[in-house]
Amino acid sequence: MSDIPVIDPTMTPAWDTLDQLADNFDPDLRKLFADDPTRTQTFTFDAADLHVDLSKNLVCPTLVGHLLALAEQTGVLELRDRMYAGEHINVTEDRAVLHTALRRPATDSLTVDGQDAIADVHEVLEQVYAFARRVRSGEWVGITGKPVKTVVNVGIGGSDLGPVMAYEALKPFVQEGLECRFISNIDPTDAGETTKDLDPETTLVIVASKTFTTLETITNAKVVRAWLLDALRERGIVSDEASEKEAIAKHFVAVSTALDKVAEFGIDPANAFGFWSWVGGRYSVDSAVGTSLAVAIGPEGFADFLAGFNAMDRHFAEAAPEKNVPLLMGLLNVWYSNFLGADTHAVLPYSQYLHRFPAYLQQLTMESNGKSVRRDGSPVTYETGEVFWGEPGTNGQHAFYQLIHQGTRMVPADFIAFANPTWALGDGDADMHELFLSNFFAQTKALAFGKTSEEVRAEGTPEAIVSARVFTGNRPTTSIMAPSLTPSVLGQLIALYEHITFVEGAVWGIDSFDQWGVELGKVLAKQILPAIEGSSEALDAQDQSTRALIEYYRANRTK
(Lines give C-alpha, C1' and ligand atoms only; values in the text may rest on other atoms or scores of the structure.)
Protein backbone atom coordinates (compact mmCIF):
# COMPACT_ATOMS: atom_id res chain seq x y z
CA MET A 1 0.00 0.00 0.00
CA SER A 2 2.95 2.32 0.60
CA ASP A 3 3.43 2.68 -3.15
CA ILE A 4 -0.04 4.24 -3.55
CA PRO A 5 0.43 7.98 -3.29
CA VAL A 6 -1.89 9.97 -1.04
CA ILE A 7 -2.75 13.06 -3.01
CA ASP A 8 -4.03 16.27 -1.48
CA PRO A 9 -6.91 16.99 -3.88
CA THR A 10 -6.63 20.74 -3.28
CA MET A 11 -3.19 20.65 -4.89
CA THR A 12 -4.48 19.26 -8.21
CA PRO A 13 -5.14 21.42 -11.28
CA ALA A 14 -8.71 20.11 -11.49
CA TRP A 15 -9.50 21.25 -7.93
CA ASP A 16 -8.18 24.70 -8.71
CA THR A 17 -10.32 24.90 -11.86
CA LEU A 18 -13.44 23.73 -9.99
CA ASP A 19 -12.75 26.23 -7.23
CA GLN A 20 -12.63 29.05 -9.74
CA LEU A 21 -15.82 27.87 -11.42
CA ALA A 22 -17.62 27.71 -8.08
CA ASP A 23 -16.69 31.32 -7.24
CA ASN A 24 -19.00 32.71 -9.89
CA PHE A 25 -21.34 29.76 -10.24
CA ASP A 26 -24.94 30.83 -10.92
CA PRO A 27 -26.80 27.83 -12.31
CA ASP A 28 -30.06 28.19 -14.21
CA LEU A 29 -31.59 24.81 -14.89
CA ARG A 30 -34.41 26.32 -16.94
CA LYS A 31 -31.88 27.87 -19.30
CA LEU A 32 -29.66 24.79 -19.38
CA PHE A 33 -32.60 22.63 -20.48
CA ALA A 34 -33.89 25.24 -22.94
CA ASP A 35 -30.47 25.65 -24.56
CA ASP A 36 -29.78 21.92 -24.84
CA PRO A 37 -32.66 19.72 -26.06
CA THR A 38 -30.44 16.65 -25.59
CA ARG A 39 -29.52 17.40 -21.95
CA THR A 40 -31.69 14.62 -20.56
CA GLN A 41 -30.18 12.05 -22.91
CA THR A 42 -26.67 13.31 -22.17
CA PHE A 43 -27.07 12.88 -18.44
CA THR A 44 -29.22 9.73 -18.25
CA PHE A 45 -27.55 6.34 -17.82
CA ASP A 46 -28.50 2.72 -17.30
CA ALA A 47 -26.49 0.71 -14.80
CA ALA A 48 -27.71 -2.88 -14.59
CA ASP A 49 -31.46 -2.45 -13.94
CA LEU A 50 -31.18 1.09 -12.59
CA HIS A 51 -32.21 4.01 -14.79
CA VAL A 52 -30.41 7.09 -13.48
CA ASP A 53 -31.24 10.65 -14.54
CA LEU A 54 -28.57 13.17 -13.51
CA SER A 55 -29.88 15.95 -15.74
CA LYS A 56 -31.44 17.95 -12.89
CA ASN A 57 -28.05 18.33 -11.21
CA LEU A 58 -26.15 21.62 -11.26
CA VAL A 59 -23.67 20.61 -13.93
CA CYS A 60 -22.89 20.92 -17.59
CA PRO A 61 -20.73 18.66 -19.77
CA THR A 62 -17.70 20.92 -19.30
CA LEU A 63 -18.00 20.82 -15.52
CA VAL A 64 -18.39 17.04 -15.56
CA GLY A 65 -15.17 16.92 -17.56
CA HIS A 66 -13.38 18.79 -14.78
CA LEU A 67 -14.83 16.43 -12.16
CA LEU A 68 -13.60 13.45 -14.13
CA ALA A 69 -10.19 15.11 -14.32
CA LEU A 70 -10.24 15.42 -10.53
CA ALA A 71 -10.93 11.70 -10.27
CA GLU A 72 -8.01 10.97 -12.57
CA GLN A 73 -5.65 13.30 -10.74
CA THR A 74 -6.52 11.86 -7.32
CA GLY A 75 -6.15 8.25 -8.48
CA VAL A 76 -9.75 7.15 -7.87
CA LEU A 77 -9.84 4.45 -10.52
CA GLU A 78 -6.38 3.17 -9.66
CA LEU A 79 -7.49 2.75 -6.04
CA ARG A 80 -10.67 1.04 -7.27
CA ASP A 81 -8.63 -1.49 -9.22
CA ARG A 82 -6.41 -2.17 -6.24
CA MET A 83 -9.46 -2.71 -4.05
CA TYR A 84 -10.90 -5.23 -6.50
CA ALA A 85 -7.52 -6.97 -6.66
CA GLY A 86 -7.44 -7.51 -2.90
CA GLU A 87 -4.62 -5.12 -2.01
CA HIS A 88 -4.55 -3.76 1.54
CA ILE A 89 -6.13 -0.39 0.90
CA ASN A 90 -7.45 -0.25 4.49
CA VAL A 91 -4.15 1.15 5.69
CA THR A 92 -4.78 1.74 9.41
CA GLU A 93 -5.81 -1.89 9.89
CA ASP A 94 -3.55 -3.27 7.13
CA ARG A 95 -6.41 -5.16 5.51
CA ALA A 96 -7.82 -5.89 2.12
CA VAL A 97 -11.24 -4.44 1.31
CA LEU A 98 -13.14 -7.19 -0.41
CA HIS A 99 -16.87 -6.80 0.09
CA THR A 100 -17.09 -7.14 -3.70
CA ALA A 101 -15.76 -10.70 -3.34
CA LEU A 102 -18.88 -11.62 -1.35
CA ARG A 103 -20.98 -11.52 -4.51
CA ARG A 104 -18.65 -12.82 -7.18
CA PRO A 105 -19.61 -16.11 -8.86
CA ALA A 106 -18.08 -19.37 -7.67
CA THR A 107 -16.29 -19.76 -10.99
CA ASP A 108 -14.09 -16.75 -10.15
CA SER A 109 -10.86 -16.97 -8.16
CA LEU A 110 -9.03 -14.34 -6.13
CA THR A 111 -6.08 -15.12 -3.90
CA VAL A 112 -5.68 -12.71 -1.00
CA ASP A 113 -3.11 -13.26 1.73
CA GLY A 114 -2.66 -16.84 0.59
CA GLN A 115 -6.37 -17.71 0.55
CA ASP A 116 -8.78 -18.01 -2.35
CA ALA A 117 -11.33 -15.48 -1.10
CA ILE A 118 -14.00 -16.51 -3.62
CA ALA A 119 -13.76 -20.18 -2.64
CA ASP A 120 -13.98 -19.25 1.03
CA VAL A 121 -17.05 -17.11 0.40
CA HIS A 122 -18.92 -19.85 -1.42
CA GLU A 123 -18.04 -22.45 1.19
CA VAL A 124 -19.77 -20.31 3.83
CA LEU A 125 -22.61 -19.45 1.46
CA GLU A 126 -23.38 -23.12 0.95
CA GLN A 127 -23.46 -23.60 4.73
CA VAL A 128 -25.86 -20.67 5.09
CA TYR A 129 -28.04 -21.94 2.24
CA ALA A 130 -28.18 -25.45 3.70
CA PHE A 131 -29.22 -24.02 7.05
CA ALA A 132 -31.83 -21.77 5.42
CA ARG A 133 -33.35 -24.74 3.58
CA ARG A 134 -33.63 -26.71 6.80
CA VAL A 135 -35.41 -23.87 8.57
CA ARG A 136 -37.72 -23.08 5.65
CA SER A 137 -38.67 -26.72 5.09
CA GLY A 138 -39.42 -27.36 8.77
CA GLU A 139 -36.57 -29.85 9.12
CA TRP A 140 -34.90 -27.62 11.73
CA VAL A 141 -37.03 -27.82 14.85
CA GLY A 142 -36.84 -26.51 18.36
CA ILE A 143 -36.56 -28.50 21.57
CA THR A 144 -40.21 -29.58 21.43
CA GLY A 145 -40.08 -30.60 17.77
CA LYS A 146 -41.94 -27.57 16.45
CA PRO A 147 -40.69 -25.79 13.30
CA VAL A 148 -39.41 -22.24 13.38
CA LYS A 149 -41.91 -19.44 12.88
CA THR A 150 -39.83 -16.45 14.03
CA VAL A 151 -36.14 -15.68 13.51
CA VAL A 152 -34.70 -13.09 15.90
CA ASN A 153 -31.48 -11.47 14.69
CA VAL A 154 -29.35 -10.03 17.51
CA GLY A 155 -26.64 -7.66 16.30
CA ILE A 156 -25.72 -4.01 16.10
CA GLY A 157 -24.36 -1.64 13.48
CA GLY A 158 -23.80 -3.47 10.23
CA SER A 159 -24.96 -6.73 11.81
CA ASP A 160 -28.38 -5.14 12.31
CA LEU A 161 -28.88 -2.20 9.94
CA GLY A 162 -28.21 -4.23 6.80
CA PRO A 163 -30.35 -7.27 7.62
CA VAL A 164 -33.31 -5.28 8.96
CA MET A 165 -33.26 -2.84 6.03
CA ALA A 166 -33.10 -5.65 3.47
CA TYR A 167 -35.78 -7.70 5.26
CA GLU A 168 -38.14 -4.73 5.34
CA ALA A 169 -37.39 -3.96 1.68
CA LEU A 170 -38.08 -7.52 0.55
CA LYS A 171 -41.05 -8.47 2.70
CA PRO A 172 -43.14 -9.53 -0.32
CA PHE A 173 -40.50 -12.22 -0.98
CA VAL A 174 -40.53 -13.65 2.57
CA GLN A 175 -41.83 -17.20 2.92
CA GLU A 176 -45.36 -17.28 4.30
CA GLY A 177 -45.41 -18.36 7.93
CA LEU A 178 -41.92 -17.02 8.64
CA GLU A 179 -41.13 -13.72 10.33
CA CYS A 180 -37.87 -11.98 11.22
CA ARG A 181 -37.38 -9.59 14.11
CA PHE A 182 -34.30 -7.62 15.05
CA ILE A 183 -32.72 -6.57 18.34
CA SER A 184 -29.83 -4.10 18.42
CA ASN A 185 -30.26 -1.38 21.04
CA ILE A 186 -28.83 -2.20 24.46
CA ASP A 187 -31.83 -0.42 25.94
CA PRO A 188 -33.66 -3.39 27.55
CA THR A 189 -36.87 -2.12 26.00
CA ASP A 190 -35.69 -3.34 22.59
CA ALA A 191 -35.26 -6.97 23.61
CA GLY A 192 -38.35 -6.86 25.82
CA GLU A 193 -40.68 -5.49 23.17
CA THR A 194 -39.27 -7.80 20.49
CA THR A 195 -39.73 -11.02 22.45
CA LYS A 196 -42.79 -10.33 24.62
CA ASP A 197 -45.32 -11.97 22.30
CA LEU A 198 -43.12 -14.72 20.85
CA ASP A 199 -43.45 -18.43 21.43
CA PRO A 200 -40.02 -19.67 22.57
CA GLU A 201 -40.77 -23.12 21.16
CA THR A 202 -40.90 -21.71 17.61
CA THR A 203 -38.24 -19.00 17.93
CA LEU A 204 -34.75 -19.22 16.47
CA VAL A 205 -32.11 -16.67 17.49
CA ILE A 206 -29.18 -15.62 15.30
CA VAL A 207 -26.42 -13.88 17.25
CA ALA A 208 -24.27 -11.86 14.83
CA SER A 209 -20.90 -10.71 16.16
CA LYS A 210 -17.62 -11.34 14.37
CA THR A 211 -15.58 -11.50 17.61
CA PHE A 212 -18.50 -12.56 19.80
CA THR A 213 -17.41 -9.86 22.22
CA THR A 214 -19.48 -6.89 20.97
CA LEU A 215 -20.86 -5.50 24.23
CA GLU A 216 -24.35 -4.64 23.03
CA THR A 217 -24.83 -7.83 21.03
CA ILE A 218 -23.61 -10.26 23.68
CA THR A 219 -25.57 -8.44 26.39
CA ASN A 220 -28.76 -8.68 24.32
CA ALA A 221 -28.02 -12.30 23.42
CA LYS A 222 -27.76 -13.17 27.12
CA VAL A 223 -31.06 -11.38 27.78
CA VAL A 224 -32.78 -13.33 24.99
CA ARG A 225 -31.21 -16.57 26.19
CA ALA A 226 -32.56 -15.92 29.69
CA TRP A 227 -36.00 -15.10 28.27
CA LEU A 228 -36.10 -18.32 26.28
CA LEU A 229 -34.87 -20.58 29.09
CA ASP A 230 -37.16 -18.98 31.68
CA ALA A 231 -40.18 -19.43 29.42
CA LEU A 232 -39.28 -23.05 28.72
CA ARG A 233 -38.79 -23.72 32.44
CA GLU A 234 -42.25 -22.33 33.17
CA ARG A 235 -43.68 -24.84 30.69
CA GLY A 236 -41.71 -27.69 32.23
CA ILE A 237 -39.71 -28.21 29.05
CA VAL A 238 -36.34 -27.24 30.54
CA SER A 239 -35.52 -28.57 33.99
CA ASP A 240 -31.80 -29.23 34.24
CA GLU A 241 -28.42 -28.35 32.74
CA ALA A 242 -28.70 -30.95 30.00
CA SER A 243 -32.07 -29.68 28.78
CA GLU A 244 -30.83 -26.07 28.98
CA LYS A 245 -27.89 -27.01 26.78
CA GLU A 246 -30.20 -28.76 24.32
CA ALA A 247 -32.53 -25.75 24.18
CA ILE A 248 -29.71 -23.34 23.42
CA ALA A 249 -28.30 -25.65 20.75
CA LYS A 250 -31.68 -25.94 19.03
CA HIS A 251 -32.74 -22.29 19.34
CA PHE A 252 -29.48 -20.36 18.85
CA VAL A 253 -27.02 -20.09 15.96
CA ALA A 254 -24.18 -17.63 15.45
CA VAL A 255 -22.57 -15.50 12.79
CA SER A 256 -19.02 -15.30 14.08
CA THR A 257 -15.50 -16.54 13.62
CA ALA A 258 -14.74 -16.82 17.36
CA LEU A 259 -15.81 -20.45 17.70
CA ASP A 260 -14.44 -20.78 21.24
CA LYS A 261 -16.63 -17.95 22.49
CA VAL A 262 -19.59 -19.27 20.51
CA ALA A 263 -19.21 -22.63 22.26
CA GLU A 264 -18.79 -20.94 25.63
CA PHE A 265 -22.15 -19.22 25.09
CA GLY A 266 -23.71 -22.63 24.46
CA ILE A 267 -24.08 -22.52 20.69
CA ASP A 268 -22.84 -25.52 18.74
CA PRO A 269 -19.82 -24.27 16.70
CA ALA A 270 -21.16 -26.37 13.82
CA ASN A 271 -23.99 -23.83 13.69
CA ALA A 272 -21.71 -20.81 13.42
CA PHE A 273 -21.28 -19.10 10.06
CA GLY A 274 -18.08 -17.14 9.59
CA PHE A 275 -16.85 -14.12 7.70
CA TRP A 276 -13.53 -12.40 7.31
CA SER A 277 -11.45 -9.45 8.49
CA TRP A 278 -11.71 -7.93 5.02
CA VAL A 279 -15.48 -7.52 5.44
CA GLY A 280 -16.37 -4.30 7.25
CA GLY A 281 -19.59 -4.43 9.26
CA ARG A 282 -21.34 -1.81 7.13
CA TYR A 283 -20.47 -3.81 4.01
CA SER A 284 -21.53 -7.20 5.39
CA VAL A 285 -25.24 -7.68 4.67
CA ASP A 286 -24.32 -9.86 1.70
CA SER A 287 -22.13 -12.11 3.86
CA ALA A 288 -23.26 -14.59 6.54
CA VAL A 289 -24.48 -11.51 8.42
CA GLY A 290 -27.44 -11.75 6.06
CA THR A 291 -28.34 -15.27 7.26
CA SER A 292 -31.71 -14.06 8.60
CA LEU A 293 -32.47 -12.65 5.14
CA ALA A 294 -31.40 -15.88 3.45
CA VAL A 295 -33.81 -17.77 5.69
CA ALA A 296 -36.60 -15.29 4.99
CA ILE A 297 -36.36 -15.04 1.20
CA GLY A 298 -34.62 -18.35 0.54
CA PRO A 299 -31.29 -19.28 -1.03
CA GLU A 300 -32.56 -18.51 -4.54
CA GLY A 301 -33.73 -15.04 -3.47
CA PHE A 302 -30.45 -14.40 -1.66
CA ALA A 303 -28.47 -15.52 -4.71
CA ASP A 304 -30.48 -13.02 -6.77
CA PHE A 305 -29.65 -10.37 -4.16
CA LEU A 306 -25.94 -11.13 -4.56
CA ALA A 307 -26.22 -11.11 -8.35
CA GLY A 308 -27.59 -7.57 -8.13
CA PHE A 309 -24.58 -6.43 -6.14
CA ASN A 310 -22.27 -8.08 -8.64
CA ALA A 311 -24.00 -6.43 -11.60
CA MET A 312 -23.29 -3.00 -10.11
CA ASP A 313 -19.75 -4.04 -9.15
CA ARG A 314 -19.08 -4.93 -12.77
CA HIS A 315 -20.58 -1.65 -13.97
CA PHE A 316 -18.29 0.30 -11.62
CA ALA A 317 -15.29 -1.76 -12.74
CA GLU A 318 -15.98 -1.74 -16.47
CA ALA A 319 -18.04 1.29 -17.54
CA ALA A 320 -16.20 4.18 -19.15
CA PRO A 321 -15.69 7.07 -16.68
CA GLU A 322 -18.07 9.39 -18.52
CA LYS A 323 -20.83 6.74 -18.25
CA ASN A 324 -19.91 5.27 -14.88
CA VAL A 325 -22.86 5.99 -12.59
CA PRO A 326 -21.22 5.47 -9.16
CA LEU A 327 -18.22 7.50 -10.28
CA LEU A 328 -20.35 10.37 -11.57
CA MET A 329 -22.63 10.40 -8.52
CA GLY A 330 -19.69 10.35 -6.14
CA LEU A 331 -18.03 13.22 -7.98
CA LEU A 332 -21.28 15.21 -7.92
CA ASN A 333 -21.35 14.78 -4.14
CA VAL A 334 -17.80 16.14 -3.95
CA TRP A 335 -18.85 19.09 -6.13
CA TYR A 336 -21.73 19.94 -3.83
CA SER A 337 -19.83 19.33 -0.58
CA ASN A 338 -16.51 20.93 -1.34
CA PHE A 339 -17.35 23.65 -3.82
CA LEU A 340 -21.00 24.64 -3.32
CA GLY A 341 -21.18 24.33 0.46
CA ALA A 342 -23.74 21.55 0.85
CA ASP A 343 -23.50 19.87 4.25
CA THR A 344 -26.21 17.23 3.93
CA HIS A 345 -27.60 14.82 1.37
CA ALA A 346 -31.18 13.54 1.31
CA VAL A 347 -32.16 10.08 0.06
CA LEU A 348 -35.88 9.95 -0.61
CA PRO A 349 -37.24 6.54 -1.64
CA TYR A 350 -40.77 6.55 -3.04
CA SER A 351 -41.32 3.06 -1.69
CA GLN A 352 -42.53 2.26 1.81
CA TYR A 353 -40.52 -0.95 1.68
CA LEU A 354 -37.34 1.17 1.60
CA HIS A 355 -38.24 3.07 4.76
CA ARG A 356 -35.02 1.89 6.47
CA PHE A 357 -32.76 2.56 3.49
CA PRO A 358 -31.75 6.12 4.52
CA ALA A 359 -30.82 4.86 8.01
CA TYR A 360 -28.72 2.11 6.42
CA LEU A 361 -26.94 4.67 4.26
CA GLN A 362 -26.17 6.79 7.31
CA GLN A 363 -23.82 4.12 8.61
CA LEU A 364 -22.44 3.26 5.19
CA THR A 365 -21.56 6.83 4.29
CA MET A 366 -20.85 8.58 7.57
CA GLU A 367 -18.93 5.78 9.26
CA SER A 368 -16.88 5.43 6.09
CA ASN A 369 -16.11 9.06 5.31
CA GLY A 370 -16.39 10.85 8.64
CA LYS A 371 -12.62 11.30 8.78
CA SER A 372 -10.28 14.25 9.35
CA VAL A 373 -6.94 12.70 8.36
CA ARG A 374 -5.75 11.27 5.08
CA ARG A 375 -4.48 7.74 4.59
CA ASP A 376 -0.94 8.87 5.38
CA GLY A 377 -2.04 10.43 8.68
CA SER A 378 -1.82 14.04 7.48
CA PRO A 379 -4.76 16.31 8.38
CA VAL A 380 -7.29 17.21 5.72
CA THR A 381 -7.82 20.88 4.95
CA TYR A 382 -11.22 20.50 3.30
CA GLU A 383 -14.64 19.11 4.15
CA THR A 384 -15.11 15.34 4.14
CA GLY A 385 -18.27 13.33 4.59
CA GLU A 386 -21.88 14.33 4.24
CA VAL A 387 -24.77 14.03 6.65
CA PHE A 388 -27.08 11.53 4.94
CA TRP A 389 -30.73 11.48 5.92
CA GLY A 390 -34.19 10.92 4.51
CA GLU A 391 -37.64 9.43 4.78
CA PRO A 392 -39.86 7.67 2.27
CA GLY A 393 -42.15 9.74 0.08
CA THR A 394 -44.76 11.03 0.41
CA ASN A 395 -44.30 11.26 4.18
CA GLY A 396 -41.30 13.55 3.83
CA GLN A 397 -43.29 15.95 1.67
CA HIS A 398 -45.36 16.83 4.72
CA ALA A 399 -42.33 17.16 6.98
CA PHE A 400 -39.05 18.58 5.67
CA TYR A 401 -39.53 19.22 1.94
CA GLN A 402 -40.34 22.85 2.76
CA LEU A 403 -36.70 23.41 3.67
CA ILE A 404 -35.45 21.68 0.52
CA HIS A 405 -37.73 23.77 -1.69
CA GLN A 406 -37.52 27.22 -0.12
CA GLY A 407 -34.92 27.11 2.63
CA THR A 408 -31.55 28.85 2.60
CA ARG A 409 -29.58 25.60 2.57
CA MET A 410 -28.86 23.62 -0.55
CA VAL A 411 -29.71 19.96 -0.02
CA PRO A 412 -28.85 17.65 -2.94
CA ALA A 413 -31.40 14.84 -3.00
CA ASP A 414 -31.65 11.39 -4.56
CA PHE A 415 -35.19 10.28 -5.45
CA ILE A 416 -35.77 6.53 -5.86
CA ALA A 417 -38.89 4.96 -7.38
CA PHE A 418 -40.16 1.85 -9.16
CA ALA A 419 -42.38 1.55 -12.21
CA ASN A 420 -44.28 -1.37 -10.71
CA PRO A 421 -45.43 -1.66 -7.10
CA THR A 422 -44.25 -4.73 -5.21
CA TRP A 423 -47.48 -4.94 -3.25
CA ALA A 424 -50.24 -6.68 -5.16
CA LEU A 425 -52.81 -3.93 -5.69
CA GLY A 426 -56.52 -4.59 -5.55
CA ASP A 427 -58.91 -3.50 -8.31
CA GLY A 428 -59.60 -0.21 -6.57
CA ASP A 429 -55.94 0.51 -5.84
CA ALA A 430 -54.51 0.73 -9.35
CA ASP A 431 -54.63 4.51 -9.44
CA MET A 432 -52.83 4.83 -6.11
CA HIS A 433 -49.46 3.92 -7.57
CA GLU A 434 -49.87 6.49 -10.34
CA LEU A 435 -50.87 9.11 -7.78
CA PHE A 436 -47.84 8.10 -5.71
CA LEU A 437 -45.44 8.40 -8.64
CA SER A 438 -46.98 11.68 -9.78
CA ASN A 439 -45.56 13.08 -6.55
CA PHE A 440 -42.15 11.56 -7.32
CA PHE A 441 -42.07 13.22 -10.76
CA ALA A 442 -43.53 16.51 -9.50
CA GLN A 443 -41.06 17.00 -6.69
CA THR A 444 -37.92 16.81 -8.83
CA LYS A 445 -39.55 19.06 -11.42
CA ALA A 446 -40.48 21.65 -8.80
CA LEU A 447 -37.05 21.54 -7.20
CA ALA A 448 -35.32 21.98 -10.54
CA PHE A 449 -37.46 24.65 -12.17
CA GLY A 450 -39.30 26.33 -9.31
CA LYS A 451 -41.88 29.07 -9.86
CA THR A 452 -41.04 32.65 -10.74
CA SER A 453 -42.69 35.77 -9.32
CA GLU A 454 -44.28 36.38 -12.73
CA GLU A 455 -45.84 32.93 -12.66
CA VAL A 456 -47.09 33.49 -9.13
CA ARG A 457 -48.65 36.85 -10.07
CA ALA A 458 -50.29 35.29 -13.12
CA GLU A 459 -52.23 33.03 -10.76
CA GLY A 460 -53.82 36.12 -9.20
CA THR A 461 -51.79 36.02 -6.02
CA PRO A 462 -51.95 39.24 -3.94
CA GLU A 463 -48.69 41.19 -4.27
CA ALA A 464 -48.07 41.13 -0.54
CA ILE A 465 -47.51 37.36 -0.54
CA VAL A 466 -45.95 36.89 -3.97
CA SER A 467 -42.44 36.53 -2.57
CA ALA A 468 -43.60 33.85 -0.10
CA ARG A 469 -44.90 31.74 -2.98
CA VAL A 470 -41.85 32.01 -5.21
CA PHE A 471 -39.70 28.89 -5.62
CA THR A 472 -36.17 29.65 -6.78
CA GLY A 473 -35.62 26.21 -8.29
CA ASN A 474 -32.08 25.11 -9.13
CA ARG A 475 -32.21 22.62 -6.27
CA PRO A 476 -30.21 19.58 -7.44
CA THR A 477 -31.75 16.12 -7.61
CA THR A 478 -30.93 12.72 -9.04
CA SER A 479 -33.74 10.40 -10.09
CA ILE A 480 -33.18 6.64 -9.84
CA MET A 481 -35.79 4.26 -11.22
CA ALA A 482 -36.09 0.54 -11.80
CA PRO A 483 -38.86 -1.73 -13.07
CA SER A 484 -39.60 -3.04 -9.56
CA LEU A 485 -38.01 -3.61 -6.15
CA THR A 486 -36.63 -7.15 -6.34
CA PRO A 487 -33.76 -8.79 -4.43
CA SER A 488 -31.48 -8.09 -7.39
CA VAL A 489 -32.47 -4.43 -7.64
CA LEU A 490 -31.98 -3.95 -3.90
CA GLY A 491 -28.48 -5.39 -4.24
CA GLN A 492 -27.80 -2.98 -7.08
CA LEU A 493 -28.95 -0.01 -5.02
CA ILE A 494 -26.78 -0.96 -2.05
CA ALA A 495 -23.72 -1.52 -4.23
CA LEU A 496 -24.34 1.78 -6.02
CA TYR A 497 -24.06 3.69 -2.74
CA GLU A 498 -21.10 1.60 -1.59
CA HIS A 499 -19.19 2.70 -4.67
CA ILE A 500 -20.37 6.32 -4.41
CA THR A 501 -18.96 6.31 -0.89
CA PHE A 502 -15.71 4.83 -2.16
CA VAL A 503 -15.35 7.50 -4.86
CA GLU A 504 -15.76 10.35 -2.38
CA GLY A 505 -13.26 8.84 0.05
CA ALA A 506 -10.76 8.22 -2.74
CA VAL A 507 -10.96 11.85 -3.91
CA TRP A 508 -10.49 13.05 -0.33
CA GLY A 509 -7.54 10.70 0.19
CA ILE A 510 -9.02 9.18 3.35
CA ASP A 511 -9.37 5.58 4.52
CA SER A 512 -13.07 4.85 4.07
CA PHE A 513 -12.80 1.40 5.62
CA ASP A 514 -11.77 1.93 9.24
CA GLN A 515 -13.93 3.39 12.01
CA TRP A 516 -11.75 4.34 14.94
CA GLY A 517 -14.21 7.04 15.94
CA VAL A 518 -16.63 4.31 17.02
CA GLU A 519 -14.16 2.80 19.47
CA LEU A 520 -13.57 5.57 22.01
CA GLY A 521 -17.13 5.62 23.30
CA LYS A 522 -17.06 1.85 23.76
CA VAL A 523 -13.87 2.06 25.83
CA LEU A 524 -15.20 4.88 28.00
CA ALA A 525 -18.51 3.07 28.56
CA LYS A 526 -16.64 0.15 30.11
CA GLN A 527 -14.69 2.54 32.34
CA ILE A 528 -17.82 4.40 33.44
CA LEU A 529 -19.94 1.33 34.21
CA PRO A 530 -18.34 0.71 37.66
CA ALA A 531 -19.16 4.30 38.62
CA ILE A 532 -22.79 3.73 37.72
CA GLU A 533 -22.80 0.50 39.72
CA GLY A 534 -21.55 2.25 42.86
CA SER A 535 -17.74 2.45 42.77
CA SER A 536 -16.70 5.70 44.48
CA GLU A 537 -13.23 5.44 43.00
CA ALA A 538 -14.58 5.13 39.46
CA LEU A 539 -17.01 7.98 40.08
CA ASP A 540 -14.25 10.27 41.36
CA ALA A 541 -12.26 9.58 38.19
CA GLN A 542 -14.94 11.18 36.00
CA ASP A 543 -15.08 14.79 34.85
CA GLN A 544 -17.43 17.01 36.84
CA SER A 545 -20.24 16.96 34.27
CA THR A 546 -20.24 13.19 33.85
CA ARG A 547 -19.94 12.71 37.60
CA ALA A 548 -22.95 14.97 38.24
CA LEU A 549 -25.04 13.16 35.65
CA ILE A 550 -24.21 9.77 37.17
CA GLU A 551 -25.09 11.10 40.62
CA TYR A 552 -28.44 12.34 39.30
CA TYR A 553 -29.12 8.95 37.76
CA ARG A 554 -28.28 7.07 40.95
CA ALA A 555 -30.39 9.41 43.06
CA ASN A 556 -33.43 9.09 40.80
CA ARG A 557 -33.43 5.45 39.82
CA THR A 558 -36.25 3.69 41.62
CA LYS A 559 -36.45 0.34 39.83
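Note that the structure is predicted; figures quoted are calculated from it, not measured. (Residues numbered from 1 in each chain as written. Predicted model: local features only at pLDDT ≥ 70, side-chain atom pairs only at ≥ 80, totals over all residues. Heavy atoms only, no water.)

**Re the pattern of salt bridges**
The test is simple: For this analysis, a salt bridge means a side-chain nitrogen from Lys or Arg found within 4 Å of a carboxyl oxygen belonging to Asp or Glu. Note on conventions: DSSP H or I runs of at least 4 residues are helices, E runs of at least 2 residues are strands, and numbering of each starts at the N terminus. Think of it in three bands: residues with accessible area under 20% of the maximum for their type are buried, residues over 50% are exposed, and the middle band is partly exposed, with areas taken using a 1.4 Å probe on protein chains only.
Counted under the stated rule, the structure contains 25 salt bridges. For R233, the salt bridge goes to D230, with nearest N and O atoms at 2.7 Å. Of this pair, R233 and D230 are both found in helix 9 (residues 215–234), three residues apart, which corresponds to roughly one turn of the helix. A relative accessible area of 40% means that D230 is categorised as partly exposed.

**Considerations on the side chain of E168**
What counts, and what does not: Polar contact is defined as a pair of N or O atoms within 3.5 Å, subject to the rule that within protein one atom must be able to donate a hydrogen and the other to accept it, and that residues adjacent in sequence are counted only when both atoms are side-chain atoms.
Note on placement: E168 falls in helix 7 (residues 158–169). Owing to a relative accessible area of 18%, E168 belongs among the buried residues under this scheme. One polar contact links E168 to H355, side chain to side chain, over a distance of 3.1 Å.

**A few points about the domain arrangement of the chain**
Where we set the bar: How far each domain reaches was decided by an automatic or database domain assignment.
In terms of domains, the chain is made up of domain 1 (9–74 + 319–508), domain 2 (99–300) and domain 3 (517–556). For domain 2 and domain 3, the distance between their C-alpha centroids amounts to 33 Å.

**Let's talk about helix 8 (residues 188–195)**
Here is the rule we go by: Summarising the geometry, the arc corresponds to the directions from the helix axis toward the C-beta atoms. The contact criterion used throughout is that any non-hydrogen atoms of two residues lie within 4.5 Å.
All of the buried residues in helix 8 are D190, A191, T194 and T195. Mapping the buried residues of helix 8 onto a view down its axis gives an arc of 105°, with all of them on the same face. Lining the buried residues of helix 8 we find strand 5 (150–154), strand 6 (179–183) and helix 9.

**Looking at the sheet that holds strand 5**
Note the threshold: A pair of strands is treated as paired once DSSP finds two or more bridges between them. Think of each axis as a best-fit line through the C-alpha atoms, taken over the contacting stretch in the case of a helix, with angles from 0 to 180 degrees between the N-to-C directions.
Ordered by their spatial adjacency, five strands build an open sheet running 6-5-7-8-9, and the pairing between neighbours is parallel. The sheet is open, and its two edges are formed by strand 6 and strand 9 (272–273), each paired on a single side. Alignment of strand 7 (residues 203–208) against strand 8 (residues 252–255), held across four bridges, turns out to be parallel. Bridge pairing links I206 to V253 in strand 8. Each of strand 5 and strand 6 touches helix 8; the most contacted strand, strand 6, lies at about 165° to it.

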